[in-house]
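Survey of secondary and tertiary structure
Listed below are the residues making up each chain.
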Amino acid sequence: MGPDMLVVFIGPPGAGKGTQSANLVSYLEIVHLSTGELLRASIDAGTRLGGIARAYINRGQLVPDAIMVDLIATRLSNPDCQPGCLLDGFPRTLPQARALDQMLAEQDRQLDVVLALHVPRDELERRLISRSGEEGRADDSPETIIHRLEIYERQTAPLIEYYRRRSKLSDIDGIGTMEEVFDRIKQAVDAAR
Ligand code: AP5
Ligand code: MG
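1. Digging into the environment of Gly-51
In this fold, Gly-51 is placed in helix α3 (residues 48–58). Separated by 47 residues in sequence, Gly-51 and Arg-98 have C-alpha atoms that sit 26 Å apart.

What follows is the structure in structure tokens.
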């Protein structure tokens, strides 16, 4: 494997980013940076960041860009990210994407590939409703799920075109078994490295 593989995962809530990230980081031997998981861990640990993030997350709203950019800047400069990392859930807005570009330029690094995971809305709702019974995530109530899907369409989906214009984008069909989806992802990252 080449050094410093940087992968971004974009996809709506319930698309399978977390599920597929677990497979992909062990395949590429890189670090998994899930901003959702980092924020939930901060909430559980009762940190100041957790206190701020909780109100946004529980309402299905995005945590402000400045907070997220700081969080990722700190994590990306951590030595464990030097062999590479998978960003799952960041960037999620255009300002976050621009901030990431600037951060990477300063470190003389580049994204290798942006994976956009595509799953139709009715299937997303089905998956999240069914997960709500299993994991008990505070933001998996029916109203919050609808709100998160709307925020995704408005704020995050435009990033797909942002990265397509920069020739970084790889579209992944997220329908099928987890193994089928992972095979598509492997093909996309193998082509990018
Ligand atoms: P985050 O934790 O990133 O949540 P999300 O984007 O809403 O996505 P999910 O984790 O719900 O879905 P997923 O795509 O990971 O799917 P999963 O693999 O679990 O963010 C949470 C919150 O944190 C945000 O709302 C925001 O408030 C805040 N936040 C985070 N990052 C931020 C940022 N950068 N800026 C601002 N705020 C930020 O799969 C879903 C279900 O489907 C599972 O049950 C799974 O088993 C199932 N499944 C997976 N694959 C398949 C398959 N192929 N077939 C059938 N079922 C499947
Ligand atoms: Mg997730």
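Right, picking up where we left off after that structure.
2. A few points about the sheet that holds strand β5 (residues 169–173)
Pairing is parallel across the open sheet formed by five strands, whose spatial order is β2-β3-β1-β4-β5. Every other strand in the sheet has two partners, leaving β2 (31–34) and β5 as the edge strands with one partner each. On average, each strand axis in the sheet is inclined to that of its neighbour by 20°, with strand direction left out of account. Running over the sheet, helix α2 (residues 35–45) touches β2 and β3 (84–88) and is turned about 70° from β2.

3. Some details on helix α5 (residues 94–106)
Helix length check: α5 (13 residues) gives 19 Å between terminal C-alpha atoms against 18 Å at 1.5 Å per residue, within 8%. Looking only at α5, the buried set comprises Gln-96, Ala-97, Ala-99, Leu-100, Met-103 and Leu-104. Within α5, the buried residues cover an arc of 160° as seen down the axis, which keeps them to one side. Away from its buried face, by an angle of more than 90 degrees, α5 presents the exposed residues Gln-102, Ala-105 and Glu-106.

4. Concerning the site of ligand 1
The environment of ligand 1 is made up of 30 residues, and the closest members are Thr-19, Thr-35, Gln-61, Arg-92 and Arg-131. Contact distances for ligand 1 include 2.7 Å between an oxygen atom and a side-chain N or O atom of Arg-131. One of the side-chain nitrogen or oxygen atoms of Arg-137 is found 2.9 Å away from an oxygen atom of ligand 1. Here ligand 1, which alone exposes 1000 Å², has 89% of that area covered by the protein. No other element matches α2, which puts four residues into the shell around ligand 1. Classifying every residue of the shell around ligand 1 by side-chain character gives eleven nonpolar, eleven polar and eight charged.

About the cut-offs
- Residues numbered from 1 in each chain as written.
- Chains lettered and ligands numbered in written order.
- Predicted model: local features only at pLDDT ≥ 70, side-chain atom pairs only at ≥ 80, totals over all residues.
- Heavy atoms only, no water.
- Helix = DSSP H or I, 4+ residues; strand = E, 2+ residues; numbered from the N terminus.
- Pairing = 2+ DSSP bridges.
- Axes fitted to C-alpha atoms, helices over the stretch in contact; angles between N-to-C directions.
- Contact = heavy atoms within 4.5 Å.
- Expected span 1.5 Å × (residues − 1).
- Buried < 20%, exposed > 50% of the residue type's maximum accessible area, 1.4 Å probe, protein only.
- Arc of directions from axis to C-beta.
- Near = heavy atom within 4 Å.
- Polar contact = N/O pair within 3.5 Å; in protein donor to acceptor, adjacent residues only side chain to side chain.
- Areas by Shrake-Rupley, 256 points an atom, 1.4 Å probe, with all protein chains shown as cover.
- Nonpolar A, V, L, I, M, F, W, Y, C, P; charged D, E, K, R; others polar.

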